[in-house]
Amino acid sequence: MGGAVLVAIAASIGNLLQGWDNATIAGAVLYIKKEFNLQSEPLIEGLIVAMSLFGATVVTTFSGAAADSIGRRPMLIASAVLYFVSGLVMLWAPSVYVLLLARLIDGLGIGLAVTLVPLYISETAPTDIRGLLNTLPQFSGSGGMFLSYCMVFGMSLLPKPDWRIMLGVLSIPSLIYLALTVFYLPESPRWLVSKGRMAEAKRVLQMLRGREDVSGEMALLVEGLGVGKDTRIEEYIIGPDDELADEGLAPDPEKIKLYGPEEGLSWVARPVRGQSALGSAYGLISQHGSMVSQGKPLVDPVVTLFGSVHEKMPEIMGSMRSTLFPNFGSMFSVAEQQQAKADWDAESQREGDEYASDHGGDDIEDSLQSPLISRQATSVEGKEIAAPHGSIMGAVGRSSGLMQGGEAVSSMGIGGGWQLAWKWTEREGADGQKEGGFQRIYLHEEGVQGNRGSILSLPGGDVPPGGEFVQAAALVSQPALYSKELLEQRAAGPAMVHPSEAVAKGPKWAELFEPGVKHALFVGIGIQILQQFAGINGVLYYTPQILEQAGVGVLLSNIGLSSSSASILISALTTLLMLPSIGIAMRLVDMSGRRFLLLATIPILIVALIILVVVNIVDMGTMVHAALSTISVIVYFCFFVMGFGPIPNILCAEIFPTTVRGICIAICALTFWIGDIIVTYTLPVMLNAIGLAGVFGIYAVVCILALVFVYMKVPETKGMPLEVITEFFSVGAKQARESRED
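One numbering rule holds for all chains: residues counted from 1, following each sequence as written. Only residues with pLDDT of at least 70 get local features here, since the model is predicted, and only at 80 or more are side-chain atom pairs given and counted; chain-wide, interface and lining totals rely on the full set of residues. Side-chain metrics in this entry use all non-hydrogen atoms of the structure; hydrogen atoms and water are not considered.

Chemist: I tried to follow the overall build of the chain on my own but got confused; where do I start?
Modeler: Helix and strand counts for the chain stand at 29 helices and nine strands. To measure how exposed things are, a 1.4 Å probe is used in the Shrake-Rupley method; for residues, cover is taken only from the protein chains shown. As displayed, the chain offers around 28600 Å² of accessible surface, 61% of which is attributable to carbon and sulfur atoms. Numbering goes from the N terminus for both helices and strands, where a helix is a DSSP run of H or I of at least four residues and a strand is a run of E of at least two.

As structure tokens, this is what we get:
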């Protein structure tokens, strides 16, 4: 995964530049005021600092739609160019008005980076380390602030500090960022698939994953083009086909046939009948029970659903996967498939005249004419359906696994224990003729207790004890590119046509009104609003004032530092303390989870803010006041950057469908910038009206509201493929709507 890690590090330099700029202007404005005599013009002084906020807000309004239309990479290149130009203009800046223009240009670059870097990293990162890599922007931003504070502090010690050099230095790292975006960063593979540029997407994935065979993830990306509609949860028992037949069970028209990696070895999935055996939300929803009424009061159905995914499996299941199904490479274990892969390659060469190999290289360009999975005959309930020429995805082949994915293996694994499959269903139409179609299935093995050597004995006697069976929950929905017209073309699988022929150009605005997308937008916008009003900007901007009141600034002045140098040094030390805290968050975000970090850190923010309220009201003596204020500010910063700092952006980059992800994350980012402006400009007014104690009291109340919101509305998304996350939001929105109707 080294390619994905390096790409994420390179992309996060855009956030390093943002942090660098924020810290530099905080120090440089002290000297700008003196040169332009702005002591009596607070409006101009405020505009110099805030002009970048206005620029970021403006560019955010259209950045999402532009990113969905022309790509993520061009927008990151534009961000780097804007950073570079603004640095040069600030280095020149003969007047305050030119400086304001430069700050506006700088804000445009900041807006693009803050909005699109988390989105870009989410779309390129592997599922199991997506949270870690998406915490990099927070780390690099704080690192940029620390480096900039160190530079500004050093320059403040000079006889005549030059603010133009302080600000103009930005052009040097921005030039490095520009070179990386132009020559190193690839386009997002998910965006490339959405535009039908399949061969290019495959090459990018191969670079990011460090392996040749990425067919499984390619199929997942194709399926991610659709917004989940009428998604439902079902339960299946998966086992060897011959064993089910040997037990004399009646034929089941709903069974799904799955093919293993070895010749003649296959499995079937049968729906669970009767009472559910799952002790989770899966069971509640799949057995016509109301998950809402049986869950925790007032907790969002989406939260309950996601929670059921992350329930710990019994330890026995780990050994069963390796002992019961040593060759079950197509489902819940990994099997070596060197021979199958060799057979595939040999067949590709033999039939080169009929099919263009997808290993071919540049001559394929974007009109990929070979199937990603298999071009062999597909068996659907005993029917042989030939995969047509030009199909992207045939269904399962006889000797190939369900999907050619993983490192020298054949596996349907798409991350987080999920598997991707399809099933064929038939029903009788109005004219009496049978109508059939494919349905996409995301399968997840359930941890049901059982005896060693036997997965389970289900209630109702559906499956006899002693057999080798796995119980799985399934998210079932319509494939992304399935249509009736495809059936009439005698297509053999769900994603049968080139995406460019089926996906509408540009953003699909109507999808913003799909229940699952609206539900996700509510969560994203809500968490961004609460993050801004939780007080980070108030505490950040007024750290020097808070600590000076506590006596720390006077202490530093007594050792020979000017008040300006002392305040800059205090800010630098505080920023330095954030870095190990962000490092802890990077370690925990994919282990303990996003929701856990929020629920664990927000209460500490509340306590720190309450202490700041108390020490500003009660006279505790100089030493106690200084110690409690300093400790509270440091604790607030450290725990904020562990949870409420990075996680809202991580969540917003994960919970939206591919086709509208850019638009949705831009809406959330616009909320972020508007909240930032409101908090920044109301602080002086609030300080005059209610003082520091009152301001911190309001922040504490907001943090309490945030804790309640996270507990009731924010789900845990760790370790789940982006495409599965959006399906769960669709199911949860459907359940919430049904509960309101009841």
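Chemist: How do you make sense of the side chain of R209 when you look at a structure like this?
Modeler: The residue R209 is located in helix α10 (residues 198-209) in this model. Polar contacts here mean pairs of N or O atoms no more than 3.5 Å apart (in protein, one a potential hydrogen donor and the other a potential acceptor; neighbouring residues in sequence count only if both atoms are side-chain atoms). Within the structure, R209 has its side chain in polar contact with the side chain of E217 (distance 2.8 Å).

Chemist: Teacher, can you tell me more about the side chain of S79 here?
Modeler: Structurally, the position occupied by S79 is in helix α4 (residues 72-92). Exposure classes here rest on a 1.4 Å probe applied to the protein chains alone. A residue is buried below 20% of its type maximum, exposed above 50%, and partly exposed in between. In this structure S79 comes out as buried when scored by relative accessible area, which is 0%. Note on definitions: a residue-residue contact is assigned when non-hydrogen atoms from the two residues lie within 4.5 Å. In contact with S79, other than residues within four places in its own chain, are G109, L112, A113 and Y177.

Chemist: Please clarify how unusual backbone geometry should be interpreted in this entry.
Modeler: Leaving glycine aside, a negative phi is the common case for residues, and trans is the common case for peptide bonds. The phi torsion at A93 lies on the positive side, around 25 degrees, for a residue other than glycine. By secondary structure assignment, the location of A93 is in the loop between α4 and α5 (96-124).

Chemist: Which parts of the structure should I look at to understand α10?
Modeler: Think of an α-helix as turning once every 3.6 residues; residues three or four places apart then point the same way. One less than the number of residues in a helix, times 1.5 Å, gives the span that helix is expected to have. The end-to-end C-alpha separation of α10 is 16 Å, in line with the 16 Å expected for twelve residues at 1.5 Å each. Residues of α10 that are buried include every one of M198, A199, A201, K202, V204, L205, Q206, L208 and R209, and no others. Two residues or fewer past α10, G210 is found with a positive phi of approximately 70 degrees.

Chemist: Where do I start with a nonpolar patch on the surface in this structure?
Modeler: On the surface, F54, L101, L104 and Y681 cluster together into a nonpolar patch covering about 340 Å² of accessible area. Mapping L101 onto the fold places it in helix α5. Like-charged residues are merged into a patch within 9 Å and nonpolar side chains (Val, Leu, Ile, Met, Phe, Trp, Tyr) within 5 Å, provided each residue has over 30% relative accessible area and no salt bridge. Here, a salt bridge means any Lys or Arg side-chain nitrogen found within 4 Å of an Asp or Glu carboxyl oxygen.

Chemist: Looking at this structure, I do not really get the nonpolar core. What am I missing?
Modeler: For soluble globular proteins, the rule of thumb is that nonpolar side chains tend to be buried together. In terms of nonpolar packing, the biggest core is built from 158 residues, with I32, F644 and F728 touching the most fellow members. Ranked by residues supplied to this core, first place goes to helix α28 (residues 661-713) with 22 residues. Residue ranges for the domains originate in an automatic or database domain assignment. Of the residues that make up this core, three or more belong to each of domain 1 (1-185) and domain 3 (512-741). Those residues in contact with I32, other than ones at most four positions away along the chain, are I25, L38, I48, L99, W163 and L167. Here, nonpolar core refers to any group of buried Ala, Val, Leu, Ile, Met, Phe, Trp, Tyr and Cys residues whose side-chain atoms link them within 4.5 Å. Counting residues in each nonpolar core, the second largest holds nine residues, with A269, L443, A472 and V476 among its members.

Chemist: Please clarify how the packing of α4 against α5 should be interpreted in this entry.
Modeler: Here an angle of 0 to 180 degrees is reported between the N-to-C directions of two axes, which are lines fitted to C-alpha atoms, with helices fitted over the stretch in contact. Running from amino to carboxyl end, α4 crosses α5 at an angle of 155 degrees, the nearest separation of the two axes being 8 Å. Taken together, the axes of α4 and α5 are roughly antiparallel relative to one another. Viewed along their axes, α4 and α5 form a crossing whose handedness is left-handed. Within the contact of α4 with α5, the residues separate by chemical class into 21 nonpolar, three polar and four charged. Here the word oblique covers every angle except those under 35 degrees (roughly parallel), over 145 (roughly antiparallel) and from 65 to 115 (roughly perpendicular). Note on convention: near helix rotated counterclockwise from far helix by under a right angle means a left-handed crossing. Clockwise means right-handed. Polar here means any residue other than Ala, Val, Leu, Ile, Met, Phe, Trp, Tyr, Cys and Pro, which are nonpolar, and Asp, Glu, Lys and Arg, which are charged; Gly is therefore polar.

Chemist: For this particular structure, what's the right way to read the packing of aromatic side chains?
Modeler: Centre-to-centre distance and the angle between the planes together describe a pair of aromatic rings. Within 6.5 Å between ring centres, the rings of Phe, Tyr and Trp (the latter by its six-membered ring) count as paired, and their orientation is classed by plane angle as stacked under 30 degrees, edge-to-face over 60, tilted in between. If you walk through the whole model with that rule in mind, you get ten aromatic pairs. Ring centres of F522 and F709 lie 5.8 Å apart, and the angle between their planes is 55 degrees; on these two criteria the pair is classed as tilted. One end of the pair, F522, is in helix α20 (residues 515-532); the other, F709, is in helix α28, and 187 residues separate them in sequence. On the basis of an interplanar angle of 25 degrees and a centroid distance of 5.8 Å, the ring pair of Y636 and F640 is categorised as stacked. Pair noted here: Y636 and F640 are both in helix α26 (residues 622-640), with a separation of four residues, about one helical turn. Three or more aromatic residues joined by ring pairs make a cluster, and in this case those are F306, W418, F728 and F729.

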